[in-house]
Each structure stands twice: as C-alpha cells, then as structure tokens.
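Secondary and tertiary structure notes
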Amino acid sequence: MSVFDAMANFYGADPAEDEIHLWPDHHAPDTSNHLKDVAAYFNSKKLGRSFNQRRDLNPAELRSYLTYFMLLECEFTEGSAGQVISEAHVRLMGTDVSAVYGDGTGQKLSDFHGVAALERFKRVTEYCIQERTITVARSAAFNRGRPNWDVTALYVPFSDAEDKNVTQILVFTDVLRCEPGAVN
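Residues numbered from 1 in each chain as written. Predicted model: local features only at pLDDT ≥ 70, side-chain atom pairs only at ≥ 80, totals over all residues. Heavy atoms only, no water.

When pLDDT is averaged along the chain, the result is 82; 73% of the residues meet or exceed 70. Across the chain, the element-wise mean pLDDT spans from 45 in helix α1 (residues 3–11) up to 96 in helix α2 (residues 33–45). In this model, residues 1–17 is a region of pLDDT below 50 whose contacts with residues beyond four sequence positions or in other chains number 45 contacts. (pLDDT = per-residue confidence, 0-100. Helix = DSSP H or I, 4+ residues; strand = E, 2+ residues; numbered from the N terminus. Contact = heavy atoms within 4.5 Å.)

A word on the pairing of strand β1 (residues 21–24). Only one face of β1 is buried: it carries L22 and P24, and the other face, with H21 and W23, is open. Pairing analysis gives 4 bridges linking β1 to strand β4 (residues 135–138), with the strands arranged antiparallel. Across the sheet, W23 pairs through a bridge with V136, a residue of β4. (Buried < 20%, exposed > 50% of the residue type's maximum accessible area, 1.4 Å probe, protein only. Pairing = 2+ DSSP bridges.)

Defined simply, a disulfide is a covalent bond joining two cysteines at their sulfur atoms. Within the structure shown, the criterion is met by 0 disulfides. Free of any disulfide, C74 has its nearest cysteine sulfur in C128, 9.1 Å distant. With a relative accessible area of 0%, C128 lands in the buried category. (Disulfide = S-S within 2.5 Å.)

Applying the stated criterion across every chain yields a total of 5 aromatic pairs. Taking the centre distance of 4.9 Å and the plane angle of 90° together, the rings of Y41 and F42 count as edge-to-face. For the pair shown, Y41 and F42 are each scored as buried. Aromatic pair F121 and Y155: ring centres 6.1 Å apart, planes at 40°, arrangement tilted. Of this pair, F121 sits in helix α5 (residues 115–131) while Y155 sits in strand β5 (residues 149–159), placing them 34 residues apart in sequence. By relative accessible area, F121 is classed as buried at 2%. We classify Y155 as buried; its relative accessible area is 5%. An aromatic cluster of three or more residues is present, and its members are Y41, F42 and F158. (Phe/Tyr/Trp six-rings, centres within 6.5 Å; stacked < 30°, edge-to-face > 60°.)

Another aspect to go through is unusual backbone geometry. With a phi angle near 55°, L47 is a residue other than glycine that sits in the positive phi range. One can find L47 in the loop between α2 and β2 (69–79). Under the relative-accessibility criterion, L47 is labelled exposed at 74%. For D163, which is not glycine, the phi dihedral falls at a positive 60°. With respect to the helices, strands and loops of the structure, D163 is situated in the loop between β5 and β6 (166–177). Taking the relative accessible area as the measure of exposure, D163 reaches 14% and is therefore buried.

Next up on the list: the side chain of T135. Mapping T135 onto the fold places it in strand β4. A polar contact is formed between the side chain of T135 and the backbone oxygen of T133, at a distance of 3.3 Å. Setting aside residues no more than four positions away along its own chain, T135 makes contact with L22, W23, D25, V124, Y127, C128, A153, L154 and Y155. (Polar contact = N/O pair within 3.5 Å; in protein donor to acceptor, adjacent residues only side chain to side chain.)

This brings us to the pattern of salt bridges. Opposite charge on two side chains permits them to pair, given that their charged atoms come into close proximity. On inspection of all chains with the given rule, the structure shows 4 salt bridges. Measuring nitrogen to oxygen at the nearest pair gives 2.9 Å for the salt bridge that ties R49 to D56. Like D56, R49 is buried. Of the charged contacts in the structure, one is a salt bridge between R91 and E73, with a shortest N-O distance of 2.9 Å. Residue R91 is found in strand β3 (residues 82–93), and its partner E73 is found in strand β2; the two are separated by 18 residues along the sequence. Taking the relative accessible area as the measure of exposure, E73 reaches 30% and is therefore partly exposed. (Salt bridge = Lys/Arg side-chain N within 4 Å of Asp/Glu carboxyl O.)

As structure tokens, this is what we get:
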C-alpha cells in the first residue's frame, strides 16, 4: 500500500469508529522528527502571539514537507456559544495529496472528503482554538484497519492580523510505515 492509500483512508474514516486523541504539540507522545520539525518551525514564528498567521509560512523554509500540507479556510456560523465552525474550504494542497485526491482547491471539505472528515476537522480545529495551540491528532481510524500504518496529523491554526480569530488551518499529515509484526 502506498502512503497515498493510507492518506485516503485517513480522510474517509467512519466517525462512529473514530476515537481521536488530541495533544498540544509539545505534549504529544511518540511523534516523528518530521512532525517535530514542522511544529518547531511554526512555534518559532509565533513571536508571542496566541496563533500563527499565514505570513509565518515560508514555503522555501519547508520545501521538503510541502507535499504533505493542506491549507483549509474555516467558515463560521454564529451559535449559542459564539462562533461555530460550519465548513472548511480547501485552499492549497501539496502535490502528493493532490496526486491522490485530484484538485480539491476551492472545494468544500465536506464535498471533497466527506462529512466524516469535516466532523473530524471541526473537532480538532475547535481544540486548537480552545487550547490556543498547535495540535497533534492521532486515531486508529486514520489508518482504517491497517496495523502497519501510523498516521498522525499536525494542525497549525492561522489567525487574522489581530490574533483573535482563527481563519485557516494548515494540516501536515505524517504517515509512518511499520513492518508487519514489528513493535511500534
């Protein structure tokens, strides 16, 4: 199975079987060096702000990771508890992600990857906003019954210029392949 097949399963998982574990990036257990590098990069760019901003992303500085990024723009509606995420729009996709899913640019996440993916996105994004942190997400549903894959996602919230409202989320998908029978 390719890395892309594992990523496709990540986005198509059934929410009924999806127990997501979330951590602030600096407390996440057993993350790869790639994920740690991406998280450290964005943490170094915050400069005292609660959230990163889109201007913090310099593609030349993250060249080797760009193929595994998706940039999503959040759409909010007003709810009884304030702003509630109602949808996300795909703004940019890494070339490896696009090779699997086709061109999702400009599409709604729910149309492009399904309602289950939107619900997971909302849950992780709400955690990012509430905890004001870059977040690591892990779930058995991400690898869809393939015990030799370990899929972890890093969510980096981008805020507006006032550092008050999250407007976009950058998702870095990290797929590790373990040999069958190997201890992770």
